[in-house]
Amino acid sequence: MFRPRLALGLWLACLLAGAGMLSAALGIVVADAATLTAAGTAGGDWVSTVAAWCGLAVLGCLAAAVGAAAASASADARPYDDALTRLAASPESRVVRDGVEVLVIAGTPGLTALVDPAGRGRVLVGSEFARALGSAGFEAAVAHEVAHVRGRHTLLLRAARLTAVAFSRVPRGLHFEQAVRTLVELIADDAAVRRCGRDAVREALAVQARFAPGCSAELRAQRLYSPFYVL
């Protein structure tokens, strides 16, 4: 909670280590299958050959299942993403912060602030949310989202989502996604505090909690004033 960059680095190290071991296992299976096939089935080697190719088939089925689940999740989100893209085509206002375009868009009563899901590296803010924030809160919310853009957190979240899909029956897979989502929010909070101060970030989080009840905004605001909090 108080060293989110370190924690995220450790999570990603675990992911890369697991991916490396899986890749090594796949390479061994493919190499064994190719070697045994080239050697022929004499001397009872046909059992090992069949076992190697069956292992390769299982890995292929797993990859196909993960790909299908990821495609399904993307298709479910597409209507919402397309609607935001259409609204963003005629924004209420436009500003630039740290080289990142920020669009305030109308017609989205429940929208707070987020990175454009279309992947264009810009920030979208709901007009009602922007007015509720005030100037200081608006700058803090924008600084938070700009930190997501500059940190390429969207890619991390996609990787976390894919991991959760791949290991949906394994509790640690879901924990990984939840941890990454929490940690990137804390990292962005810290970036906003450095730029705008704790009070402005707390104000923005309080407004966000009103617009999106049940989110972690209140806990994140409390974290900023913990005696253990150090930037």
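Throughout what follows, the structure given in this document is the object of discussion. Here the structure is a predicted model, which means the values were calculated and not measured.

**Description of the overall build of the chain**
Secondary structure summary: the chain contains seven helices and four strands in total. Secondary structure of the chain in N-to-C order comes out as α-α-β-β-β-β-α-α-α-α-α. When the 231 residues of the chain are sorted by exposure, 33% land in the buried category. Sequence-distant contacts in the chain: of pairs separated by 6 or more residues, those separated by 24 or more amount to 56%. When the accessible surface of the chain is totalled, it reaches about 12900 Å², and 63% of it is carbon and sulfur.

**Thoughts on the packing of helix α3 (residues 127–150) against helix α6 (residues 198–211)**
Between two packed helices, the angle of one axis relative to the other and the distance separating the axes together describe the packing. Across the interface, α3 lies against α6 with an axial gap of 8 Å and an inter-helix angle of 155°. As the angle between them shows, α3 and α6 are arranged roughly antiparallel. As for the relative orientation of α3 and α6, their crossing is left-handed in sense. Along its contact with α3, which presents Glu128, Phe129, Ala132, Leu133, Ala136, Gly137, Ala140 and Ala141, the element α6 presents Ala200, Val201, Glu203, Ala204, Val207, Gln208, Arg210 and Phe211. Of the residues assigned to the contact of α3 with α6, the class counts are eleven nonpolar, two polar and three charged.

**Overview of the sheet that holds strand β2 (residues 100–105)**
Here four strands make up an open sheet; going across it, the order is β1-β2-β4-β3 and the pairing mixed. The sheet is open, and its two borders are formed by β1 (93–97) and β3 (113–115), each paired with just one other strand. Recorded for the sheet is a direction-independent mean angle of 25° between the axes of neighbouring strands.

**What about the packing of aromatic side chains?**
Under the defined criterion, the tally for this structure stands at three aromatic pairs. Ring centres of Phe2 and Phe228 lie 6.0 Å apart, and the angle between their planes is 50°; this geometry places the pair in the tilted category. With Phe2 in the segment before α1 (4–39) and Phe228 in the segment after α7 (217–224), the pair connects residues that are 226 residues apart, well separated along the chain. For Phe228, a relative accessible area of 60% corresponds to the exposed category. Plain terms: the ring middles of Phe129 and Phe211 are 5.3 Å apart, the flat faces sit at 75° to each other, and that makes the pair edge-to-face. Separated by 82 residues along the polypeptide, Phe129 in helix α3 and Phe211 in helix α6 bring together distant segments of the chain.

**Digging into the pairing of β1**
Of the pairings in the sheet, the one linking β1 to β2 comprises five bridges and is antiparallel in character. The partner of Arg97 across the bridge, within β2, is Val100.

**A look at the pattern of salt bridges**
In the structure shown here, the tally under the stated rule is eleven salt bridges. Among the ionic pairs, Glu139 bridges to Arg97, the shortest N-O distance being 2.8 Å. Of this pair, Glu139 sits in helix α3 while Arg97 sits in strand β1; the two residues are 42 residues apart in sequence, bridging distant segments of the chain. Take Glu139: its relative accessible area is 26%, and that puts it in the partly exposed class. Assessed through its relative accessible area of 24%, Arg97 is described here as partly exposed. The residue Arg122 makes a salt bridge to Asp116 at a minimum N-O spacing of 2.6 Å. Take Asp116: its relative accessible area is 3%, and that puts it in the buried class. Residues joined in a network through salt bridges with shared partners are Arg161, Glu177 and Arg181.

Rules used in this analysis
- Residues numbered from 1 in each chain as written.
- Predicted model: local features only at pLDDT ≥ 70, side-chain atom pairs only at ≥ 80, totals over all residues.
- Heavy atoms only, no water.
- Helix = DSSP H or I, 4+ residues; strand = E, 2+ residues; numbered from the N terminus.
- Buried < 20%, exposed > 50% of the residue type's maximum accessible area, 1.4 Å probe, protein only.
- Contact = heavy atoms within 4.5 Å.
- Areas by Shrake-Rupley, 256 points an atom, 1.4 Å probe, with all protein chains shown as cover.
- Axes fitted to C-alpha atoms, helices over the stretch in contact; angles between N-to-C directions.
- Parallel < 35°, antiparallel > 145°, perpendicular 65-115°, else oblique.
- Left-handed = near helix turned anticlockwise from the far one by under 90°.
- Nonpolar A, V, L, I, M, F, W, Y, C, P; charged D, E, K, R; others polar.
- Pairing = 2+ DSSP bridges.
- Phe/Tyr/Trp six-rings, centres within 6.5 Å; stacked < 30°, edge-to-face > 60°.
- Salt bridge = Lys/Arg side-chain N within 4 Å of Asp/Glu carboxyl O.

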